[in-house]
Amino acid sequence: MAKMRDDTEFIGEYDFKDHKIMHAMDAEKREKFILVAMQEFTKGYAVANTDEIVREAGISKGLLFHYFGSKRGLFLFLFKYALDSVTTEYDKVVLDRGDFMENILRVSKLVIELTLERPFLYGFLAKAHFSLSEVFPQGAPKDVSNPTAAIMQKILRNSDETLFRTDVDVHKAQNIILWTMSSYTERLLVLGDDIKNYQPKYAEIMREFEDYLDILRKAFYN
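For the structure given in this document, a descriptive report is provided here. Owing to the predicted nature of the structure, the values given are computational and were not obtained by experimental measurement.

### Observations regarding helix α5 (residues 71–90)
If you check α5, its first and last C-alpha atoms are 29 Å apart, about what 20 residues at 1.5 Å a residue would give, namely 28 Å. Of all 20 residues in α5, 15 are buried, a share of seventy percent or more. Measuring from the backbone nitrogen of R72 back to the side-chain oxygen at the start of α5 gives 3.3 Å, which picks out S70 as the cap.

Given below as structure tokens:
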């Protein structure tokens, strides 16, 4: 049986920007490595193979473990990298003060645009969230958060419920809207992680998204 690697120093709370790979590896080579590694992990954590990653990225396995200590350490770095990328984009969104539907529109449009631009990143995140309990059975590091859940909670807290019809249960309506938008975005990932599959469909995807939101607006708003 293979000896378990001691990855203690690579597992915990840290800012991914301070990770040694961010300073020691050439930017172009690093971005290629991150892309390759994320694509491999979209197969699922258990079946992701570090041999495939180093072969496709053109680095040695010794260097991979030097940077990350273990497969688990690599997964954690990628997860933090992806979460920071999403958080950075969310921070750019200007939310309406109380219009729940308009805020959902703005955030969902951004998610769709980012999914179309960086399908590999969203494909990785979609699988990674389900792998957390497997990778960290004792609980993930506390600095691992869910930026989508955070911005949705912000939208919910600031929602002006008077915009909804008086005969509608506002909280159930909000849940229906959130589930619809989340399911629609997740459905885009069936196109795979090759951006060329998305680009020709962009206009069609955005039109369909607007259609769904228009139906929801008519159903729940005054």
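### A few points about the packing of helix α4 (residues 61–68) against α5
At their nearest, the axes of α4 and α5 sit 8 Å apart, and the two run at 65° to each other. α4 and α5 meet at a crossing whose hand is left-handed. Mapping the contact onto sequence places L64, F65 and F68 in α4 and K71, G73, L74 and F77 in α5. Here the residues of the contact of α4 with α5 are counted per class, giving five nonpolar, one polar and one charged.

### Some details on helix α6 (residues 100–117)
With 18 residues, α6 should reach 26 Å at 1.5 Å per residue; the first-to-last C-alpha distance of 26 Å fits that figure. Burial analysis of α6 places 13 of its 18 residues in the buried class, the great majority of the element. Put simply, D99 is the residue that caps the front of α6, since its side-chain oxygen is 3.2 Å from the backbone nitrogen of M101.

Criteria and cut-off values
Residues numbered from 1 in each chain as written. Predicted model: local features only at pLDDT ≥ 70, side-chain atom pairs only at ≥ 80, totals over all residues. Heavy atoms only, no water. Helix = DSSP H or I, 4+ residues; strand = E, 2+ residues; numbered from the N terminus. Expected span 1.5 Å × (residues − 1). Buried < 20%, exposed > 50% of the residue type's maximum accessible area, 1.4 Å probe, protein only. Polar contact = N/O pair within 3.5 Å; in protein donor to acceptor, adjacent residues only side chain to side chain. Axes fitted to C-alpha atoms, helices over the stretch in contact; angles between N-to-C directions. Left-handed = near helix turned anticlockwise from the far one by under 90°. Contact = heavy atoms within 4.5 Å. Nonpolar A, V, L, I, M, F, W, Y, C, P; charged D, E, K, R; others polar.

Scope: geometric values only; no functional claims are made or implied.
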